[in-house]
Amino acid sequence: MRINFVAALGYGLLFSACYDGAPVVLDAAQSDGPTPVVDAASPDASAAVVPANINALKLGDAWLALIGDTVGRRLAFVLTANEATAYDESIALSGGTNARWRSTIIADAGVVPMNDHNGDGYPDVLAIGAVPSGLVCDDNGRRMARTLRIYSGADGALLHTHLPFVDECIPINSGATVAYTGLFVGAVQGGEPVGAFAMAPQYHATGVLHTPTLDASFYTAETASYAAYTAARPMLQPAAQGRSYAALQQPLNGLIVNVAGTTRYIATTSGRFLQYALAPYSAMQLTRDTPFLARPDLVGRGYGLLSHDTLGNDARLTLVAGTSAADLYQDVRAGHLSNVVTGHDLYAAIERHVSVYDATTGQVQQIFYSYAHDNNDGNTYRNRLSFPAFGTLPRSDSSGSSTLFNLFDGNTWNVYATNAAGTGVTLIVANAHVWDARQVDNDTVDVLLSPIDTARNVLIPDFLTAASETAPSVVGSWRNAKYFPQAITRVMRWRRAGDTFEQLAELPGIPYLDVAFPNGRSQATSTGFMFRALWGYTASHAVLVTVDFDGTKHENRVTW
């Protein structure tokens with residue numbers, strides 16, 4: 001997966017884990033780096049700004065993700081493993097190339113922009129650095145100590161350093177343990193309140209809740225310590241034997257949100273939604289625990305897109321457990337000549353479901369679609385889900401907004417949306433795939449979709465060979481399907497009044513999804529980033545960037 005100019009990390013690369021009470025002995029001294037260097041005086045941010053609904057700017061021939069919520073203080077970043085460079089949004093107006101600042105950073109594991117941490121309106125930079133801890137696992141693999149640092153978007157200065165977390169030792173097939181990287185950008189989860197984030201490294205018994213005035217530990221459902229929470233409920237998986245906890249839980253995929261004026265950290269993990277108060281540890285810190293499970297032979301994986309309904313019913317969070325729309329993007333770019341689907345994400349989150357959570361009642365409504373390993377690994381391309389980076393159709397009533405997603409039924413893609421009650425789904429467009437959507441205002445959304453090429457058969461994976469620790473699954477047989485879209489992007493405007501769609505434009509190519517955006521304030525994925533369509537600003541006008549299957553890009557002027 002390409003991640004241009006956003007983070008020096010591969011798609012799905014994990015970064016490492018949490019402090020477990022063992023002593024940390026650092027093998028090498030760490031420095032927080034030199035003072036940031038400003039290339040040139042940055043323009044007055046209030047003097048020239050690009051429109052609020054633009055999310056990308058051009059620097060030379062490259063498109064950069066424009067990050068931030070405060071118009072005039074949004075920034076674009078070029079990030080590598082050891083350096084960050086920030087650019088003001090105003091360079092899109094001036095055509096300049098001067099950086100706001102550049103700074104050496106500590107980030108052996110990767111870097112990504114995050115939400116505003118210190119409340120100055122600028123997005124900041126999250127970096128996770130690693131050094132040997134002096135500890136090893138059974139296989140003598142070194143356990144790294146992972147340290148989170150946050151750098152100011154305004155000037156590159158170090159804002160926050162957290163105590164290191166140390167890699168956990170994980171048993172493989174009940175045998176020798178190996179070091180597992182649990183603290184990565186997706187394990188640091190922000191949200192709507194300024195300066196608040198949670199660190200939830202996978203396979204660790206504890207995480208951290210942080211605000212400008214709080215650093216508190218919380219227990220995950222990994223060990224018996226979790227059972228001390230008053231709200232803890234028994235897991236539904238038979239292997240848990242009625243306990244509220246079990247080892248080797250799925251990673252927490254969450255957001256810090258405001259629900260009716262109350263701030264909560266809400267996350268999903270193995271077959272449950274959890275809700276924590278941003279408060280010091282006590283038996284009451286966990287405020288709600290809602291186990292849910294489609295079948296007792298599954299674990300209830302929660303990989304996918306988690307969205308908070310800030311535009312309608314703020315008690316609602318919707319999880320689309322599946323793969324990113326960028327999966328189809330990668331497959332069509334790689335296989336347009338051969339007519340073969342490469343299987344960029346063969347298992348598509350393994351358990352595919354849409355789960356709607358009510359933070360007030362704690363209830364979950366789940367619509368389960370498929371399990372990739374059913375039918376002897378024959379269901380990897382049957383009833384698989386993909387999610388756009390944003391797909392909320394806002395409804396400001398007690399029922400709540402709808403969420404768009406794609407369902408591949410084994411032959412073709414169709415676009416669906418959850419209903420207003422969150423209890424079912426409605427077919428929106430047959431033989432189509434939605435890539436992304438852009439909120440125009442609180443009543444209007446522009447949806448980007450492509451029609452499926454129903455005249456074209458392509459080969460998709462049918463059955464897979466069994467996976468092992470040393471030999472990953474490979475395609476064992478193939479079958480024909482209408483899997484690829486046409487090289488067309490249709491801009492469909494949805495209006496709250498009448499719940500109607502109107503086609504505004506038809507453009508060549510599909511949306512250009514080569515640039516990664518960090519998790520947003522009300523949307524998050526378990527990887528920590530998502531792939532959005534580029535609404536750019538160049539030559540004094542707005543453009544929507546699309547790309548042909550052969551890589552030819554189009555900067556389509558926005559006239560609607």
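Residues numbered from 1 in each chain as written. Predicted model: local features only at pLDDT ≥ 70, side-chain atom pairs only at ≥ 80, totals over all residues. Heavy atoms only, no water.

**Focus on the pairing of strand β42 (residues 541-547)**
With 6 of 7 residues buried, β42 lies mostly within the body of the structure. The pairing of strand β37 (residues 510-511) with β42 spans 2 bridges and is classified as antiparallel. When the bridges of β42 are listed, Pro 511 appears paired with Thr 546. The pairing of strand β41 (residues 535-538) with β42 spans 4 bridges and is antiparallel. Across the sheet, the residue bridging to Thr 538 is His 541, located in β42. Between β41 and β42, which pair antiparallel and follow one another directly, the connecting turn spans 2 residues, one of which, Ala 539, has a positive phi of 50°. By the bridge criterion, 5 bridges tie β42 to strand β43 (residues 553-557) in an arrangement that is antiparallel. Each bridged residue has a counterpart across the sheet, and for Val 545 the counterpart in β43 is Glu 555. Counting the residues in the hairpin turn of β42 and β43 gives 5 residues, including Gly 551, whose phi is positive at 100°. (Buried < 20%, exposed > 50% of the residue type's maximum accessible area, 1.4 Å probe, protein only. Helix = DSSP H or I, 4+ residues; strand = E, 2+ residues; numbered from the N terminus. Pairing = 2+ DSSP bridges.)

**Focus on the sheet that holds strand β14 (residues 197-199)**
Spatially, 4 strands are ordered β13-β14-β15-β16 in an open sheet, and the strand pairing comes out antiparallel. At either margin of the open sheet sits one strand with a lone partner, and together these are β13 (188-189) and β16 (214-219). The pairing of strand β15 (residues 206-211) with β16 spans 6 bridges and is antiparallel. Residue Thr 206 lies in a different strand from β16, and its bridge partner there is Tyr 219.

**Re the sheet that holds strand β21 (residues 305-308)**
The strand order across the open sheet built from 5 strands is β25-β24-β22-β21-β39, with neighbouring strands paired in antiparallel fashion. The outermost strands of the open sheet, each flanked by one partner alone, are β25 (364-371) and β39 (523-525). When the angles between neighbouring strand axes are averaged without regard to direction, this sheet yields 10°. Alignment of strand β24 (residues 351-358) against β25, held across 7 bridges, turns out to be antiparallel. (Axes fitted to C-alpha atoms, helices over the stretch in contact; angles between N-to-C directions.)

**Quick look at the pattern of salt bridges**
Taken as a whole and judged by the stated rule, the model has 18 salt bridges. For Arg 74, the salt bridge goes to Glu 89, with nearest N and O atoms at 3.0 Å. With Arg 74 in the loop between β2 (62-67) and β3 (75-79) and Glu 89 in the loop between β4 (83-88) and α1 (91-94), the pair connects residues that are 15 residues apart, well separated along the chain. On the basis of relative accessible area, Arg 74 is assigned to the buried category, the value being 4%. Glu 89 sits in the buried class, given a relative accessible area of 1%. In this structure, the salt-bridge partner of Asp 289 is Arg 272, at a minimum N-O distance of 2.7 Å. Within this pair, whereas Asp 289 is found in strand β20 (residues 286-291), its partner Arg 272 is found in strand β19 (residues 272-277), the two being separated by 17 residues in sequence. (Salt bridge = Lys/Arg side-chain N within 4 Å of Asp/Glu carboxyl O.)

**A look at the environment of Cys 137**
One can find Cys 137 in the loop between β7 (124-136) and β8 (142-151). Of the residues examined, Cys 137 reaches a relative accessible area of 5% and is grouped as buried. Sequence separation between Cys 137 and Cys 169 is 32 residues, and the spatial gap between their C-alpha atoms is 5.6 Å. Beyond its immediate sequence surroundings of up to four residues, Cys 137 is in contact with Arg 143, Glu 168, Cys 169, Thr 177, Val 178 and Ala 179. (Contact = heavy atoms within 4.5 Å.)

**As for the nonpolar core**
Burial of nonpolar side chains together is a common tendency in soluble globular proteins. Ranked by size, the top nonpolar core spans 82 residues in total, and within it Phe 77, Leu 126, Val 188, Met 199, Ile 460, Tyr 483 and Leu 534 carry the most contacts. By size, the runner-up hydrophobic cluster in this structure holds 18 residues, among which are Phe 218, Tyr 245, Leu 252 and Tyr 265. (Core = buried A, V, L, I, M, F, W, Y, C linked by side-chain atoms within 4.5 Å.)

**A closer look at the side chain of Asn 414**
Note on placement: Asn 414 falls in strand β29 (residues 413-418). For Asn 414, a relative accessible area of 9% puts it in the buried group. In terms of polar contacts, Asn 414 uses its side chain to reach the backbone amide nitrogen of Asn 431, at 2.9 Å. Excluding residues within four positions of it along the chain, Asn 414 makes contact with Phe 405, Asn 406, Leu 407, Asp 409, Leu 427, Val 429, Ala 430, Asn 431 and Ala 432. (Polar contact = N/O pair within 3.5 Å; in protein donor to acceptor, adjacent residues only side chain to side chain.)

**Topic: the confidence of the model for the protein chain**
Mean pLDDT over the protein chain stands at 89; residues scoring 70 or higher make up 90%. Across residues 1-31, where pLDDT falls below 50, the model places 109 contacts with residues more than four positions away in sequence or in other chains. (pLDDT = per-residue confidence, 0-100.)

**Considerations on the environment of Thr 290**
Locating Thr 290 in the fold gives a position in strand β20. Once you skip the residues sitting within four places of it in the chain, Thr 290 turns out to touch Gly 271, Arg 272, Phe 273, Tyr 357, Gly 362 and Val 364. Of note is the side chain of Thr 290, whose polar atom sits 2.4 Å from the backbone oxygen of Gly 362.

**Comments concerning the packing of aromatic side chains**
All chains considered together, the criterion is met by 21 aromatic pairs. Judged by centre distance (6.4 Å) and plane angle (70°), the ring pair of Tyr 219 and Tyr 229 falls under edge-to-face. On the criterion of sequence distance, the pair formed by Tyr 219 in strand β16 and Tyr 229 in the loop between β16 and β17 (253-259) is long-range, its members being 10 residues apart. Here Tyr 229 falls in the buried class, since its relative accessible area comes to 2%. A connected cluster of aromatic rings, assembled from ring pairs, spans Phe 218, Tyr 219, Tyr 226, Tyr 229, Tyr 265, Tyr 276 and Tyr 281. Over the ring of Tyr 381 we find Arg 384; its NZ or CZ atom is 3.9 Å from the centre of that ring. Sitting above the plane of the Trp 535 ring, Arg 438 keeps its charged end 3.5 Å from the centroid. (Phe/Tyr/Trp six-rings, centres within 6.5 Å; stacked < 30°, edge-to-face > 60°. Lys NZ or Arg CZ within 6 Å of the ring centre and 35° of its normal.)

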